[in-house]
Number of protein chains: 2
Amino acid sequence: MTTPDAPPRELTVALLGGGTVGSQVARLLRESADDLAARAGAALRLTGVGVRDAAKPREGIAPELLTDDLEGLASSGADIVVEVMGGIEPARSLILAAMAAGSSVVTANKALLAEDGGTLHAAAEKHGVDLYYEASVAGAIPLLRPLRESLAGDKVRRVLGIVNGTTNFILTKMDEDGADYADVLAEAQALGYAEADPTADVEGYDAAAKAAILAGLAFHTRVRGDDVHREGITSVSAQDVAAARDMGFVIKLLAVAELVDDEKGVVVRVHPAMVPRTHPLAGVRGAFNAVFVEAESAGDMMFYGRGAGGAPTASAVLGDIVAVARHRLAGSRGPGESTYAHLDVLPIGDATTRYYVNLDVADRPGVLAAVAQAFADNGVSIQNVRQDGHGDDARLVVRTHTAADSALAATIERLRSNDAVRNVVGVMRVEGEDER
Amino acid sequence: MTTPDAPPRELTVALLGGGTVGSQVARLLRESADDLAARAGAALRLTGVGVRDAAKPREGIAPELLTDDLEGLASSGADIVVEVMGGIEPARSLILAAMAAGSSVVTANKALLAEDGGTLHAAAEKHGVDLYYEASVAGAIPLLRPLRESLAGDKVRRVLGIVNGTTNFILTKMDEDGADYADVLAEAQALGYAEADPTADVEGYDAAAKAAILAGLAFHTRVRGDDVHREGITSVSAQDVAAARDMGFVIKLLAVAELVDDEKGVVVRVHPAMVPRTHPLAGVRGAFNAVFVEAESAGDMMFYGRGAGGAPTASAVLGDIVAVARHRLAGSRGPGESTYAHLDVLPIGDATTRYYVNLDVADRPGVLAAVAQAFADNGVSIQNVRQDGHGDDARLVVRTHTAADSALAATIERLRSNDAVRNVVGVMRVEGEDER
């Protein structure tokens with residue numbers, strides 16, 4: 001007979017979503033049951049898998065576990081409710097219902113966290129449950145736990161991440177093969193690395209959601225997806241890639257979150273950027289993800305791994321399940337949302353970076369002087385200028401020192417109105433030049 | 001007036017050790033007090049700094065905090081006792097005294113954990129306190145928390161790490177400059193990257209202690225420093241480095257822990273190894289550290305950053321202090337030692353890797369056949385053979401497929417006794433060839 005004070009020997013897990021990630025979570029709960037029980041301190045029993053169509057068989061999931069009663073499963077009072085459906089609704093309502101029923105929640109839902117993380121965190125606080133979401137950013141790479149726990153005694157200055165595998169696959173191929181964006185996108189779609197509608201990836205929406213989550217954790221400030229300045233990779237040309245290569249750089253879609261304005265604010269942005277080939281992020285190829293963190297005491301760190309896929313994402317979900325399970329057995333909770341810093345989230349104009357500017361110019365005396373004056377008048381200091389070609393092919397390639405984004409934008413405006421400048425061929429931010 | 005149930009507003013911290021790391025910990029506790037209080041949920045008050053000579057002033061530490069009564073400070077009942085003295089004794093006795101007085105302990109002491117971690121973990125369990133030690137391996141890189149928490153739902157197959165900055169600095173210099181070991185060691189000593197007595201680093205003792213800690217966490221099995229097969233870098237020659245370079249490899253001192261024998265055992269080893277230049281570990285240069293983890297579901301991951309230094313190590317210590325502080329406020333504990341798997345720690349002969357073998361051979365018919373036969377008779381499959389030079393300079397460079405270490409050792413023994421082989425010039429393990 002069990003005494004009343006003995007710890008429960010079993011915890012229940014309800015799974016919302018039976019797709020790529022959900023089926024892997026179900027499989028691992030079954031196949032790794034003994035290891036998980038030893039590590040969590042109790043057996044983890046899957047009580048149900050909520051799906052839209054419960055009649056459709058799912059590989060590796062016992063048919064009797066399937067249910068289309070998502071609301072019923074979410075509010076069944078399971079110890080842990082795992083949400084791997086994605087999207088805003090019904091995921092949000094289901095998570096809130098689960099918390100109201102006293103369940104701790106593990107989710108991989110980056111879009112929801114970036115749109116309305118505050119509501120979820122407040123509900124977790126109110127009901128005294130855990131909200132864990134390691135899988136929402138950079139798949140299997142342990143990243144959120146290091147940021148919110150390991151670095152809790154340090155001050156993060158900047159986070160630079162490659163957090164979208166689809167765009168990194170495309171940019172890597174463009175760099176390796178010299179191919180055009182459209183051709184590589186088609187190849188990525190054929191290989192299943194890009195969706196039929198690739199907008200969320202190639203326009204940077206997915207990366208922006210992840211950037212918001214990372215920024216919130218790094219700077220103890222609530223950041224929403226809408227706060228993130230966002231530019232995609234659709235306008236990156238084979239010519240840009242070749243120009244980067246010539247200068248010893250590679251183009252990456254970066255998610256950047258950093259302290260600005262004497263540490264009173266943060267800017268969070270997603271855009272293509274040139275990165276020196278000697279920077280650790282430059283070697284992150286194909287569908288891999290990596291996040292580079294600059295902290296005051298710890299210095300530079302990088303976390304690298306698989307950013308997507310059913311099994312890697314499920315690994316991150318399972319890690320959270322074990323952590324949440326331990327807390328329930330101990331009657332405790334993990335750290336809640338930390339937004340005490342309340343920094344201002346500032347517009348992109350307040351960001352400061354270096355720039356690459358490629359100008360198609362008239363080949364005549366005085367052009368360089370006019371161009372240099374446009375930079376100087378806006379307070380943008382030039383690092384170096386290279387003239388390429390002559391006559392109709394004359395190009396000026398300018399690289400700047402660090403300048404405010406607003407100053408660079410004003411410079412470009414001024415250059416466009418100068419008749420010696422036939423065309424502004426390329427403008428791209430340059431990141432990571434000082435790290436090594 | 002505070003009600004009895006209100007959480008305490010202050011936690012006390014006693015610091016054992018006032019050297020490079022200790023003074024940085026004291027500085028950060030003071031300079032980051034507000035951030036730490038917000039993140040931990042209570043102010044952290046430093047009650048004393050235990051040192052050998054309390055009369056000697058320490059930069060950044062108020063003189064009235066210094067004490068040479070280490071035993072008294074350790075057993076003062078502080079909420080958190082931080083041990084950054086290093087060495088086995090008196091560190092072990094002081095940590096045990098602290099736990100007996102109900103204090104949670106944060107330590108950076110890899111040597112002690114590798115020698116007698118079991119005793120410390122058992123004491124933490126007995127007294128219901130935390131034992132945290134993120135700073136003991138790879139300095140500032142969040143590594144232990146990911147291994148023991150984020151990957152708790154996965155199965156780690158292998159850990160490959162560059163965990164000693166001194167040797168990586170030396171090997172990087174040898175690779176970049178073609179210099180000899182002795183010259184680079186002297187340079188490293190002049191720059192302060194190597195100790196006057198470099199034995200602990202260059203003979204692999206430091207890396208072996210860290211390998212034992214990593215292996216224990218990765219495989220849920222107790223591993224001691226003495227269980228680790230250890231070879232240092234003192235016999236790595238400029239010639240070896242050049243040969244590696246010719247083949248597209250770089251030599252690194254690796255700490256390797258992996259499942260073997262159908263997952264019933266682990267082998268843990270530290271030795272120089274050739275790593276392909278395309279592997280993420282190959283780009284880890286100078287004093288940086290990195291640990292590459294291969295897990296069943298998550299796939300390949302890498303954690304990269306500064307492995308040593310006062311401020312980076314202090315960052316890791318502070319992260320642990322915040323975690324332990326949160327637990328004390330919540331009346332909970334973090335995960336304890338996990339050794340449920342009880343795998344056998346097997347001898348080096350049971351490891352399987354690829355090999356590079358460089359032979360000085362007689363230039364006459366039949367030599368290749370004799371050499372090939374020596375490999376074949378020991379069941380070692382040859383991947384490729386290259387003949388370099390002629391006459392007195394004739395060399396055979398053999399690279400093998402994966403083979404048991406014991407089989408390779410027997411092969412080398414056989415080659416040494418063959419009169420066609422004038423000298424076995426170089427033998428080195430090859431790691432990381434299949435990862436990308």
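Residues numbered from 1 in each chain as written. Chains lettered and ligands numbered in written order. Predicted model: local features only at pLDDT ≥ 70, side-chain atom pairs only at ≥ 80, totals over all residues. Heavy atoms only, no water.

- Looking at an unreviewed UniProt entry, one finds chain A named Homoserine dehydrogenase, with Longivirga aurantiaca as its source organism.
- The Cofactor (unreviewed entry) comment attached to chain A in UniProt states, word for word, "a metal cation".
- Comment text from UniProt for chain A, heading Sequence similarities (unreviewed entry), reads "Belongs to the homoserine dehydrogenase family." (UniProt positions renumbered as here; feature names shortened; annotations may be inferred.)

## As for the domain arrangement of chain A
Residues and elements named next belong to chain A.
Piece 1. Here chain A is described as being made up of domain 1 (10-140 + 311-330), domain 2 (144-306) and domain 3 (351-430).
Piece 2. Between the C-alpha centres of domain 2 and domain 3 the distance comes to 25 Å.
Piece 3. With 16 residues of domain 2 at the interface, the matching set in domain 3 holds 13 residues.
Piece 4. At the junction of domain 2 with domain 3, the criterion picks out one salt bridge.
Piece 5. A salt bridge links Glu 231 to Arg 429; the shortest N-O distance between them is 3.0 Å.
Piece 6. There are two residue pairs in polar contact (both at pLDDT 80 or more) connecting domain 2 and domain 3.
Piece 7. Secondary-structure elements contributing two or more residues to the side of domain 2 that touches domain 3 are helix H11 (238-246), strand S9 (249-260) and strand S10 (265-276). (Domains from an automatic or database assignment. Contact = heavy atoms within 4.5 Å. Salt bridge = Lys/Arg side-chain N within 4 Å of Asp/Glu carboxyl O. Polar contact = N/O pair within 3.5 Å; in protein donor to acceptor, adjacent residues only side chain to side chain. Helix = DSSP H or I, 4+ residues; strand = E, 2+ residues; numbered from the N terminus.)

## With respect to the packing of helix H2 (residues 33-40) of chain B against helix H12 (residues 310-330) of chain B
Residues and elements named next belong to chain B.
Piece 1. Between H2 and H12, whose axes approach to 9 Å, the crossing angle comes to 45°. The orientation of H2 with respect to H12, classified from their angle, is oblique. Where H2 crosses over H12, the two elements pack in a sense that is right-handed. Across the interface between the two elements, Leu 36, Arg 39 and Ala 40 from H2 touch Leu 318, Val 322, Ala 325, Arg 326 and Leu 329 from H12.
Piece 2. Looking at the contact of H2 with H12, its residues break down into six nonpolar, no polar and two charged. (Axes fitted to C-alpha atoms, helices over the stretch in contact; angles between N-to-C directions. Parallel < 35°, antiparallel > 145°, perpendicular 65-115°, else oblique. Left-handed = near helix turned anticlockwise from the far one by under 90°. Nonpolar A, V, L, I, M, F, W, Y, C, P; charged D, E, K, R; others polar.)

## Observations regarding the pattern of salt bridges
Piece 1. As enumerated under the stated definition, the model contains 70 salt bridges over all chains in all.
Piece 2. Across the salt bridge formed by Glu 10 of chain A and Arg 45 of chain A, the nearest N and O atoms sit 2.8 Å from each other. Here Glu 10 of chain A is found in strand S1 (residues 10-16), whereas its partner Arg 45 of chain A is found in strand S2 (residues 43-50), with 35 residues between them in sequence.
Piece 3. Residue Glu 10 of chain A is classed as partly exposed on the basis of its relative accessible area of 38%.
Piece 4. Across the pair Asp 175 of chain B and Arg 245 of chain B runs a salt bridge, and its minimum N-O distance is 3.1 Å. Highlighted residues: Asp 175 of chain B in helix H7 (residues 165-177) and Arg 245 of chain B in helix H11 (residues 238-246), separated in sequence by 70 residues.
Piece 5. One salt-bridge network, held together by shared partners, links Arg 158, Glu 258, Arg 269, Glu 294 and Glu 431 of chain A. (Buried < 20%, exposed > 50% of the residue type's maximum accessible area, 1.4 Å probe, protein only.)

## As for the nonpolar core
Piece 1. Ranked by size, the top nonpolar core spans 167 residues in total, and within it Ile 170 of chain A together with Ile 170 of chain B carry the most contacts.
Piece 2. Ignoring any residue separated from it by four or fewer positions in sequence, one finds Ile 170 of chain B in contact with Tyr 181, Val 184, Leu 185, Ala 188, Val 202 and Ile 233 of chain B. (Core = buried A, V, L, I, M, F, W, Y, C linked by side-chain atoms within 4.5 Å.)

## What about the relation of the copies chain A and chain B?
Piece 1. When chain A is fitted to chain B, the best match, at an RMSD of 0.0 Å, comes from turning it 180° and sliding it 0.0 Å along the axis. Within this description, the copies of the chain are treated as partners about a two-fold rotation axis. When C-alpha distances to the rotation axis are compared across chain A, the minimum falls at Phe 303 of chain A, with a value of 2.4 Å.
Piece 2. The residues that chain A uses at the interface reappear at the interface of chain B in 100% of cases, marking a shared surface. (Least-squares fit on C-alpha atoms with pLDDT ≥ 70 in both.)

## Topic: the interface of chain A and chain B
Piece 1. Contact with chain A, which involves 44 residues of that partner, is made by 44 residues of chain B.
Piece 2. Buried surface at the junction of chain A and chain B, summed over both partners, amounts to about 4000 Å²; 53% is from carbon and sulfur atoms.
Piece 3. One can count two salt bridges joining chain A with chain B.
Piece 4. Among the salt bridges present, the one from Glu 149 of chain A reaches Arg 145 of chain B, with a minimum N-O distance of 3.6 Å.
Piece 5. Taken together, the elements giving at least two residues each to the side of chain A that touches chain B come down to helix H1 (20-31), helix H2 (33-40), helix H6 (144-148), strand S12 (299-306) and helix H12 (310-330) of chain A.
Piece 6. Tallying contributions element by element places S12 of chain A first for the side of chain A that touches chain B, with eight residues.
Piece 7. For the side of chain A that touches chain B, the per-class residue count stands at 21 nonpolar, 10 polar and 13 charged.
Piece 8. Pairing of S12 of chain A with strand S12 (residues 299-306) of chain B involves four bridges; the strand directions are antiparallel. The residue of S12 of chain B that forms the bridge with Met 301 of chain A is Gly 305 of chain B. (Buried area = accessible area lost by both parts, 1.4 Å probe. Pairing = 2+ DSSP bridges.)

## Quick notes on the sheet that holds strand S5 (residues 104-107) of chain B
Residue and element names in this part refer to chain B.
Piece 1. Strand order in the open sheet formed by six strands is S3-S2-S1-S4-S5-S6, and the pairing between neighbours is parallel. Looking at the sheet topology across the chains shown, the edges are occupied by strand S3 (66-67) and strand S6 (131-132).
Piece 2. In the sheet, strand S1 (residues 10-16) pairs with strand S2 (residues 43-50) via seven bridges, with the strands oriented parallel. Directly across from Thr 12, in S2, lies its bridge partner Arg 45.
Piece 3. Across the sheet, helix H1 (residues 20-31) is in contact with S1 and S2; its angle to S1 comes to roughly 160°.

## Brief notes about the sheet that holds strand S4 (residues 80-83) of chain A
Strand pairs in the sheet, formed through backbone hydrogen bonds, run parallel or antiparallel to each other.
Residue and element names in this part refer to chain A.
Piece 1. Reading across the sheet, the six strands line up as S3-S2-S1-S4-S5-S6 and stay open at both edges, with parallel pairing between neighbours. Only two strands of the sheet have a single neighbouring strand rather than two, namely strand S3 (66-67) and strand S6 (131-132).
Piece 2. Taken together, the four bridges between S4 and strand S5 (residues 104-107) define a ladder with parallel strand orientation. For Val 81, the partnering residue across the bridge sits in S5 and is Val 105.
Piece 3. Along the sheet face, H1 touches S1 and S2 and points at about 160° away from the line of S1.

## Some words on the packing of aromatic side chains
Residue and element names in this part refer to chain B.
Piece 1. Enumeration over the complete set of coordinates arrives at five aromatic pairs over all chains.
Piece 2. Between the NZ or CZ atom of Arg 148 and the centre of the ring of Tyr 132, over which it lies, the distance is 4.7 Å.
Piece 3. Between Arg 230 and the ring centre of Tyr 205, over which it is positioned, the NZ or CZ distance is 3.8 Å. (Phe/Tyr/Trp six-rings, centres within 6.5 Å; stacked < 30°, edge-to-face > 60°. Lys NZ or Arg CZ within 6 Å of the ring centre and 35° of its normal.)

## Focus: the side chain of His 271 of chain B
Residue and element names in this part refer to chain B.
Piece 1. Inspection of the secondary structure puts His 271 in strand S10 (residues 265-276).
Piece 2. Assessed through its relative accessible area of 0%, His 271 is described here as buried.
Piece 3. Engagement of the side chain of His 271 in a polar contact is seen with the side chain of Arg 269, the distance being 2.9 Å.

## As for the pairing of strand S11 (residues 288-295) of chain B
Residue and element names in this part refer to chain B.
Piece 1. The buried fraction of S11 amounts to eight of the eight residues, a majority that puts the element mostly inside the structure.
Piece 2. On S11, burial covers both faces: Phe 288, Ala 290, Phe 292 and Glu 294 on one face and Asn 289, Val 291, Val 293 and Ala 295 on the other are all buried.
Piece 3. The pairing of strand S7 (residues 156-162) with S11 spans six bridges and is classified as antiparallel. Residue pairing in the sheet places Val 159 in a bridge with Val 293 of S11.
Piece 4. Pairing of S11 with S12 involves eight bridges; the strand directions are antiparallel.

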